[in-house]
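# Understanding the architecture of this molecule
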Amino acid sequence: MRIDIITVLPEMVCPTLEGSIIGRARQRGLLELHVHNLRDYSTDKWRRVDDYPFGGEAGMVLKIEPIERAINALKAQRDYDEVIYTSPDGETFNQGMANEMSLHENLIILCGHYKGIDYRVREHLITREISIGDYVLTGGELAAAVMTDAIVRLIPGVIGDAESALSDTFQDNLLAPPVYTRPADYNGWRVPEVLLSGHEANIHKWRMEQALERTKRLRPDLLEH
Ligand code: ADE
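Residues numbered from 1 in each chain as written. Predicted model: local features only at pLDDT ≥ 70, side-chain atom pairs only at ≥ 80, totals over all residues. Heavy atoms only, no water.

The linkage connecting R182 with the following residue, P183, adopts the cis geometry, with an omega of 5°. Along the polypeptide, P183 turns up in the loop between α7 (162-166) and β8 (185-186). Of note in the backbone geometry, R47 takes a positive phi value of approximately 60° without being a glycine. Topologically, R47 is positioned in the loop between β2 (32-37) and β3 (50-51). (Helix = DSSP H or I, 4+ residues; strand = E, 2+ residues; numbered from the N terminus.)

The next point concerns the pattern of salt bridges. Summed over all chains, the structure comprises 17 salt bridges. Between R128 and E82 there is a salt bridge, with the nearest N and O atoms lying 3.7 Å from each other. Taken together, the residues R128 in strand β7 (residues 128-131) and E82 in strand β5 (residues 82-92) connect sequence positions 46 residues apart. Considered together, R128 and E82 belong to a single accessibility category, that of buried residues. (Salt bridge = Lys/Arg side-chain N within 4 Å of Asp/Glu carboxyl O. Buried < 20%, exposed > 50% of the residue type's maximum accessible area, 1.4 Å probe, protein only.)

Another point: a nonpolar patch on the surface. Taken together, the side chains of Y135, L137 and L142 present a nonpolar region at the surface, about 250 Å² in accessible area. The topology assignment puts L137 in the loop between β7 and α6 (141-152). (Patch = residues over 30% accessible without salt bridge, like charges linked within 9 Å, V, L, I, M, F, W, Y side chains within 5 Å. Areas by Shrake-Rupley, 256 points an atom, 1.4 Å probe, with all protein chains shown as cover.)

With that settled, the discussion passes to the side chain of N37. Looking at the element boundaries, N37 is found in strand β2. Side-chain polar atoms of N37 contact the backbone nitrogen of R39, separated by 3.0 Å. Beyond its immediate sequence surroundings of up to four residues, N37 is in contact with T7, V8, P10 and R47. (Polar contact = N/O pair within 3.5 Å; in protein donor to acceptor, adjacent residues only side chain to side chain. Contact = heavy atoms within 4.5 Å.)

What follows covers helix α4 (residues 95-102). When we look at burial in α4, the residues that qualify are Q95, M97, A98, M101 and S102. Down the axis of α4, the smallest arc covering the buried residues is 160°, so these residues share one side. In this fold, the buried residues of α4 make contact with β5, β6 (106-111), β7 and α6. With a side-chain oxygen positioned 3.1 Å from the backbone nitrogen of G96, the residue opening α4 is N94. (Arc of directions from axis to C-beta.)

Residues in close proximity to the ligand total 13 residues, the closest being S87, I132, G133, Y135 and L137. Contact between the ligand and G133: a nitrogen atom at 3.1 Å from a main-chain N or O atom of the residue. In the environment of the ligand, a nitrogen atom lies 2.9 Å from a nitrogen or oxygen atom belonging to the backbone of L137. If the ligand stood free it would expose 260 Å²; the protein chains cover 97% of that surface. Listed by contribution, the elements that provide at least two residues to the shell around the ligand are β5 and β7. Examining the composition of the shell around the ligand, we find that 3 residues originate from one element, β5, more than from any other. Of the residues that constitute the shell around the ligand, the class distribution is 7 nonpolar, 6 polar and no charged. (Near = heavy atom within 4 Å. Nonpolar A, V, L, I, M, F, W, Y, C, P; charged D, E, K, R; others polar.)

Our next topic: the sheet that holds β5. Pairing is parallel in the open sheet, where 5 strands are placed in the order β2-β1-β6-β5-β7. The outermost strands of the open sheet, each flanked by one partner alone, are β2 and β7. The sheet shows a mean angle of 30° between the axes of neighbouring strands, taken without regard to direction. In the sheet, β5 pairs with β7 via 5 bridges, with the strands oriented parallel. Considered in β7, the bridge of T92 is made with S131. Sheet strands in contact with helix α3 (residues 64-75) are β1 (2-7), β2, β5 and β6, and its direction is about 165° off that of β1. (Pairing = 2+ DSSP bridges. Axes fitted to C-alpha atoms, helices over the stretch in contact; angles between N-to-C directions.)

Another aspect to go through is the domain arrangement of the protein chain. What the domain assignment lists for the protein chain is domain 1 (2-152) and domain 2 (172-224). Here the C-alpha centroids of domain 1 and domain 2 sit 38 Å apart. (Domains from an automatic or database assignment.)

What follows is about the environment of L33. Looking at the secondary structure, you find L33 in strand β2. Taking relative accessible area as the criterion, L33 reaches 8% and is therefore assigned buried. Put simply, L33 and H104 are 71 residues apart on the chain and 14 Å apart in space, counted from C-alpha to C-alpha. Those residues in contact with L33 that sit more than four places away from it in its chain are I3, I5, L17, R26 and T148.

Structure representation (structure tokens):
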């Protein structure tokens, strides 16, 4: 899979996606990640990419030209499944969307910034607008990194134990059951007996019951789907 992130703050995206599992996926060629500085596509001699809004509102707005130039340069080289724009007013990102996007070949993620981007970009160049939650960040860079992390860990081979992604919280709209490790008894805090029994069917049943009970108690909204 290939992900191209377009941003005015590459330094805010790069370090987050270099470490640990995502960094290893890149080294192993399971993910090709390219972070592009939008300023590289400005024709302005000061490399400006924003301007004052028409109508006199406060704040600056990202201009169409450098964004279109960046997107077109990428599209000239390959087809993209989606051109995503990160924005607090987009549809809310969830595990289902991460699953769906992990099946794509090529994605562009354009990071929003300041007061926003010229709305014509959203109308004509963007195929999907995504928010990572009902709160406002200083820009879309962290949202792009969060989405990339959630998507890439689902690519086959990225997580060592294939089972572990399937049993995640939110897969099947259920919260994950509790997990424990040694010691079985920590100063009287005991691990549930069934997990020590070696009885696979009972363990499986217990896990399902726990997942259901935790979901009912903590996230009943997930069971409505
Ligand atoms: N940019 C600013 N806030 C955001 C959010 N919550 N999700 C995605 N992009 C954003």
